[in-house]
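# Structural features, examined
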Amino acid sequence: MNIFIIIATALAGYFIGAISFARIITRIFAPDKKVAEETVVGLEGSDKKMVLKTVSASSVSAQVGSKFGFMTYLLDMFKIFIPVLILRQIFPGTDYFLIFAVLGVVGHIWPVYYGFKGGRGLSTIYGGVLAIDWIAIFTTSIGGMLIGLLVLRDVFSAYMAGIVLLIPWLWFRFHDTNYLIYAVIVNILYTIAIIPEARHWFKIRREQKWNDPAEVIQLSGMGRGLLKMAKKLGVIKDKPKTDISAG
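This structure is a prediction, so every number in the text was calculated from the model and none was measured.

## So, the packing of aromatic side chains
A full pass over the atoms with the stated rule returns 10 aromatic pairs. Between F15 and Y113 the ring centres are 6.3 Å apart and the planes differ by 40 degrees, which places this aromatic pair in the tilted class. You can see F15 sitting in helix α1 (residues 3-17) and its partner Y113 sitting in the loop between α5 (96-109) and α6 (122-132), a full 98 residues away along the chain. Between F174 and Y179 the ring centres are 4.1 Å apart and the planes differ by 10 degrees, which places this aromatic pair in the stacked class. In this structure F174 comes out as partly exposed when scored by relative accessible area, which is 27%. Seen from the ring of F97, R88 lies directly overhead, with NZ or CZ sitting 4.9 Å from the centre.

## What to know about a nonpolar patch on the surface
A contiguous nonpolar surface patch, about 820 Å² in accessible area, is contributed by I3, F4, I7, L11, F15, V112, Y113 and F116. Residue F15 is classed as partly exposed on the basis of its relative accessible area of 37%.

## Quick notes on the side chain of D95
Structurally, the position occupied by D95 is in the loop between α4 (66-90) and α5. Put simply, D95 is tucked away with no salt bridge, and the nearest opposite charge, on R88, sits 8.0 Å away. If sequence neighbours within four positions are ignored, D95 has contacts with M1 and N178.

Rules used throughout
- Residues numbered from 1 in each chain as written.
- Predicted model: local features only at pLDDT ≥ 70, side-chain atom pairs only at ≥ 80, totals over all residues.
- Heavy atoms only, no water.
- Phe/Tyr/Trp six-rings, centres within 6.5 Å; stacked < 30°, edge-to-face > 60°.
- Helix = DSSP H or I, 4+ residues; strand = E, 2+ residues; numbered from the N terminus.
- Buried < 20%, exposed > 50% of the residue type's maximum accessible area, 1.4 Å probe, protein only.
- Lys NZ or Arg CZ within 6 Å of the ring centre and 35° of its normal.
- Patch = residues over 30% accessible without salt bridge, like charges linked within 9 Å, V, L, I, M, F, W, Y side chains within 5 Å.
- Areas by Shrake-Rupley, 256 points an atom, 1.4 Å probe, with all protein chains shown as cover.
- Salt bridge = Lys/Arg side-chain N within 4 Å of Asp/Glu carboxyl O.
- Lys, Arg positive; Asp, Glu negative; His and termini not counted.
- Contact = heavy atoms within 4.5 Å.

Structure below.
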């Protein structure tokens, strides 16, 4: 591979990944609001709360509205998906697209435009994966959901398991060391990004002694989407509202 193209691809990946659609969407559709770098979300009718320490689709969902949060998530995905797909077509047989995909996640998590305060990187990881192997979006996310909710009974673990499953899945699909390295790197980046939230999450879980995944998962905007999917698949059954909202 050409060193100049590698450098250009890396820089493009970082600076495009650093575009914060959470801030852009909020500025356009809710100009009177500013997405805070810490967002408190919780269950209605309950004192259970979670602090999100990122500026992300979940922040927008909590502060502006769920439809704008979903719009943010899609835009964050496609800012990586489209360039990665183009690079795969323009430079077949090379790994420039993997470089862009990795640096796009770095830019999203630590955006130079916004004092290096960005999101967790989940949307940008899946944006890259969508261009690399779209089947992985379904296999790893559903597999992670099943492991996280049925085995570990924790929404953070469900998110993490889906990303971790990229490592064996991409190796199974391609048997290529570079794909394996890509999967390992994005796992490291995502783990670093969620450390503050994970510490808070497990602290309040220990204090509240939660053990109901249907209750816990609702504390995240993206978690509510996972919950809907879990209920459709029959993984989690509906419970009376009085059980879920009990303090």
